[in-house]
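Chains, contacts and geometry: an overview
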Amino acid sequence: MSKFFSGRHAALTPYTPGEQPQDMQYVKLNTNESPFPPSKGVLEAALREAGKLQLYSDPTSAVLGRKMAQHMGVAPEMVLMTNGSDEALYYAFMAFGDEQHPMVFPDITYGFYPVYADLFHIPYEEKPLAEDFSINPAEYIGAGKTVVIANPNAPTGRCLPLCVIEDIVKSNPENLVLIDEAYVDFGGESAVPLTLRYDNLLVVGTFSKSRSMAGARLGYAIGNPALIADMNTVKYSLNPYNVNRVTAAAGVAALEEDDYYRANCQTIMENREWTAQQLESLGFDVIPSKTNFLFARSAAVSGETLYLELKKRGVLVRHFTAERIREYNRITIGTREQMELFLEKTKEILKEANA
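Residues numbered from 1 in each chain as written. Predicted model: local features only at pLDDT ≥ 70, side-chain atom pairs only at ≥ 80, totals over all residues. Heavy atoms only, no water.

Should the charged atoms of two oppositely charged side chains come close, the side chains can pair. Per the counting criterion, the structure on display carries 21 salt bridges. Note that Arg-262 is salt-bridged to Asp-258, the shortest N-O span being 2.5 Å. Placement of both Arg-262 and Asp-258 in helix α8 (residues 258-281) is noted, with a separation of 4 residues, approximately one turn of the helix. For the salt bridge of Arg-297 with Asp-285, the shortest nitrogen-to-oxygen distance reads 3.2 Å. (Salt bridge = Lys/Arg side-chain N within 4 Å of Asp/Glu carboxyl O. Helix = DSSP H or I, 4+ residues; strand = E, 2+ residues; numbered from the N terminus.)

Written out as structure tokens, the structure is:
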């Protein structure tokens, strides 16, 4: 730490992204990327727009925003396009959280929530998940604080039904409820339609997972026009040209080729269920998932050992060191061939552990 680093940030514990090692070719099942390439139209749109990189992008992302609004069934003024969903979360925490507006979210969830809360000096409470890693909705009903819930949740994969989300929103009319839907396209039910009825609901999403655009960095926030206007105030105070022109063009094309991405999601869900069954047959405890990953542990080998041994064999999964989840690994669902290789290597490791 340099002597110039601001003292108010000295205690920050930054978010740790999934590793991206370059030492060898890995089967990457650690960062919840799609195993499928972008659609043909996305690649063509990106290539066309790349010839205009000398020009700034549209700071309003008007074409993309209108396309997104049409796709989601909301008005354009209810949509904010962002540089990944992380930026949407950043704007929301900055706009709607402070000492007078504390937050509440689960203790096991997306790691950026406490990071952003600490960054903006927002008091927060972490509600422990149940032993089965489920969220207890009663702890968020009438919370009297800004509620932040990833639904489906990460890294657990569990999902609350839409009726429960609505109960939470209805019970907190004077507080913002932020629902992070990064994984909703893999079996969850989006809360976006509720934004037409509740002015305290903000839904955040991403093109990184289900639309094969993790490297392009495209996300969005959908909510009441007043909420979006507040977030735009933050955006224009920080990063007006937040969505580059290549990504914006690719985003429009991705929405126009929705069938391709829906088919990919269906394949991933089928591979998820097959992989879960295979792991259970090997004695793993697998948490039910509505995401593009599984959260699983084995009684025969520790979470850390499985992660390290898989890495030696060219397969990356995500291991966390927090006490409650250190025996688990998060396994991104890839192609059937990738999952077969993962299982083959896992069986090797279990055989050695039992030898």
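Time to look at the sheet that holds strand β11 (residues 315-319). Sheet strands pair by backbone hydrogen bonding; their relative direction is either parallel or antiparallel. If you trace the 5 strands from one edge of the open sheet to the other, you get β1-β11-β12-β10-β9, paired in mixed fashion. The sheet terminates laterally at β1 (27-29) and β9 (284-286), the two strands that pair on one side only. Strand-to-strand twist of the sheet, defined as the mean angle between neighbouring strand axes without regard to direction, takes the value 35°. As judged from the 5 bridges shared by strand β10 (residues 293-298) and strand β12 (residues 328-332), these two strands associate in the antiparallel manner. Considered in β12, the bridge of Phe-293 is made with Thr-332. Running at roughly 0° to β10, α8 makes contact with β9, β10 and β12 of the sheet. (Pairing = 2+ DSSP bridges. Axes fitted to C-alpha atoms, helices over the stretch in contact; angles between N-to-C directions. Contact = heavy atoms within 4.5 Å.)

Below, the discussion takes up unusual backbone geometry. With an omega of 0°, the peptide bond running from Asn-151 to Pro-152 counts as cis. Mapped onto the elements of the fold, Pro-152 is located in the loop between β5 (146-150) and α5 (162-170). Phi at Ser-61 takes a positive value of approximately 45°, unusual for a residue other than glycine. Along the chain, the position of Ser-61 falls in the loop between α1 (40-50) and α2 (62-72). Owing to a relative accessible area of 6%, Ser-61 belongs among the buried residues under this scheme. Although it is not a glycine, His-121 sits at a positive phi angle of roughly 55°. Along the chain, His-121 turns up in the loop between α4 (112-119) and β4 (124-127). Looking at His-121, the relative accessible area reads 39%, which means it is partly exposed. (Buried < 20%, exposed > 50% of the residue type's maximum accessible area, 1.4 Å probe, protein only.)

Turning our attention to the nonpolar core. Formed by 50 residues in total, the largest nonpolar core has its most connected members in Met-81, Phe-133, Ile-149, Ile-165, Leu-201 and Phe-207. Broken down by element, the residue count for this core peaks at 7 residues, all from helix α7 (residues 245-256). Once residues within four sequence positions are removed from consideration, Phe-207 is found in contact with Met-68, Met-81, Ser-212, Met-213, Ala-214, Leu-218, Tyr-220, Gly-251, Ala-254 and Leu-255. Counting 30 residues, the second-largest nonpolar core is a separate cluster that includes Val-27, Tyr-183, Cys-265 and Leu-306. (Core = buried A, V, L, I, M, F, W, Y, C linked by side-chain atoms within 4.5 Å.)

This model, assessed by the stated rule, comprises 17 aromatic pairs. Look at Tyr-90 and Tyr-116: their rings are 5.5 Å apart centre to centre, the planes differ by 80°, and that puts the pair in the edge-to-face class. Placement of Tyr-90 in helix α3 (residues 84-96) and of Tyr-116 in helix α4 is noted, with a sequence separation of 26 residues between them. The exposure class of Tyr-90 is partly exposed, given its relative accessible area of 21%. Residue classification places Tyr-116 among the buried positions, given a relative accessible area of 7%. With 6.3 Å between their ring centres and 80° between their planes, Phe-207 and Tyr-220 make a pair best called edge-to-face. Of this pair, Phe-207 sits in the loop between β7 (201-206) and β8 (219-223) while Tyr-220 is found in strand β8, placing the two residues 13 residues apart along the sequence. (Phe/Tyr/Trp six-rings, centres within 6.5 Å; stacked < 30°, edge-to-face > 60°.)

A few words now on the packing of α8 against helix α10 (residues 336-354). When two helices pack together, their arrangement is given by the angle between the helix axes and by the axis-to-axis distance. Viewed as axis vectors pointing N to C, α8 and α10 meet at an angle of 15°, and their least axial separation amounts to 10 Å. In terms of orientation, α8 lies roughly parallel with respect to α10. As for the relative orientation of α8 and α10, their crossing is right-handed in sense. Contacts between α8 and α10 pair Asn-271, Trp-274, Thr-275, Gln-278 and Leu-279 from the former with Arg-336, Met-339, Glu-340, Phe-342 and Leu-343 from the latter. When the residues that make up the contact of α8 with α10 are grouped by side-chain class, the tally is 5 nonpolar, 3 polar and 2 charged. (Parallel < 35°, antiparallel > 145°, perpendicular 65-115°, else oblique. Left-handed = near helix turned anticlockwise from the far one by under 90°. Nonpolar A, V, L, I, M, F, W, Y, C, P; charged D, E, K, R; others polar.)

Here we come to the packing of α1 against α7. At their nearest, the axes of α1 and α7 sit 8 Å apart, and the two run at 150° to each other. The pairing of α1 with α7 is recorded here as roughly antiparallel in orientation. The interaxial crossing formed by α1 with α7 has right-handed handedness. Residues Gly-41, Val-42, Ala-45, Ala-46, Glu-49 and Ala-50 of α1 pack against Arg-245, Val-246, Ala-249, Ala-250, Ala-253 and Ala-254 of α7. Tallied by class, the residues present in the contact of α1 with α7 amount to 9 nonpolar, 1 polar and 2 charged.

Within a regular strand, the side chains alternate between the two sheet faces. Note that strand β3 (residues 103-106) and β4 share 4 bridges and pair parallel. If you follow Met-103 over to β4, its bridge partner there is Tyr-124. The pairing of β3 with β5 spans 2 bridges and is classified as parallel. Residue Val-104 lies in a different strand from β5, and its bridge partner there is Val-147.

Function cannot be read off these values alone, since they describe shape.
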